[in-house]
Amino acid sequence: MIDHITIAVSDLARSKLFYERAFAPLGYGLAFGKEDVFWAFDAGAGSLFEIQQAEEKPPLTHLHVAFRVDSRAEVDAFYRAALEAGASDNGAPGPRPDYGADYYACFVLDPDGYNIEAMINA
């Protein structure tokens, strides 16, 4: 179990707004943070997903994060919310048989180009 992960972002305010909107369908909410420094989102089961203001200029390091959700409907809802929040499509919701017989996922690129996935494998 991961306690927390922190990623550097190029524009903290923009990324905070993006993740607030994209995480809403998953029930992930803002837990705590400090203006202009970092924000932590409660990702359930005691895990935090944190964003912090990058000191370096983009492009930032390539990163992929997958969030396990409870249903295909949550994958679909995350995808729609993320696109509405400004994400770029990187793979519409659907089966991913190369990953597993019951693997269903979507992929979006956040404002910094990070590959964010919502998935279920059941």
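Quick notes on the pattern of salt bridges
Per the counting criterion, the structure on display carries 2 salt bridges. The salt bridge involving D112 is made with R14; its shortest N-O contact spans 3.7 Å. Of this pair, D112 sits in the loop between β8 (103-109) and β9 (115-121) while R14 sits in helix α1 (residues 12-23); the two residues are 98 residues apart in sequence, bridging distant segments of the chain. Judged by relative accessible area, D112 falls into the buried class, the value being 18%.

A look at helix α2 (residues 72-84)
Taking 1.5 Å of rise per residue, the 13 residues of α2 would be expected to cover 18 Å, and the 19 Å separating its terminal C-alpha atoms lies within 8% of that figure. Taken residue by residue, α2 has V75, A77, F78, Y79, A81 and A82 as its buried positions. The first or second residue beyond α2 is G86, which carries a positive phi of 110°.

Section: the packing of aromatic side chains
Counted by the stated rule, this structure contains 12 aromatic pairs. On the basis of an interplanar angle of 75° and a centroid distance of 5.6 Å, the ring pair of F23 and F41 is categorised as edge-to-face. One end of the pair, F23, is in helix α1; the other, F41, is in strand β3 (residues 38-42), with 18 residues separating them in the sequence. Summarising the aromatic geometry, the rings of Y28 and F67 are spaced 5.7 Å apart at their centres and angled 55° between planes, so their arrangement reads as tilted. Residue Y28 is located in the loop between α1 and β2 (29-34), and its partner F67 is located in strand β5 (residues 64-68); the two are separated by 39 residues in the primary sequence.

What counts as what
- In this convention, every chain numbers its residues from 1, walking through the sequence in written order.
- Two thresholds apply to this predicted model, a pLDDT of at least 70 for residue-level local features and 80 or more for giving and counting side-chain atom pairs, whereas whole-chain, interface and lining totals are computed over all residues.
- As a rule here, side-chain values cover all heavy atoms of the structure and leave hydrogens and water aside.
- Counted as salt bridges are all cases of a side-chain nitrogen of Lys or Arg within 4 Å of a carboxyl oxygen of Asp or Glu.
- Strands are runs of DSSP state E lasting at least two residues, helices are runs of H or I lasting at least four, and both sets are numbered from the N terminus onward.
- Here the term buried applies to any residue with accessible area under 20% of the maximum for its type, exposed to any over 50%, and partly exposed to those in between, with areas from a 1.4 Å probe on protein chains only.
- In this analysis, the expected span of each helix is defined as 1.5 Å times one less than the number of residues it contains.
- Only the six-membered ring of Trp is used, alongside the rings of Phe and Tyr, when aromatic pairs are assigned; centres must lie within 6.5 Å, and planes under 30 degrees apart are stacked while those over 60 apart are edge-to-face, with the rest tilted.

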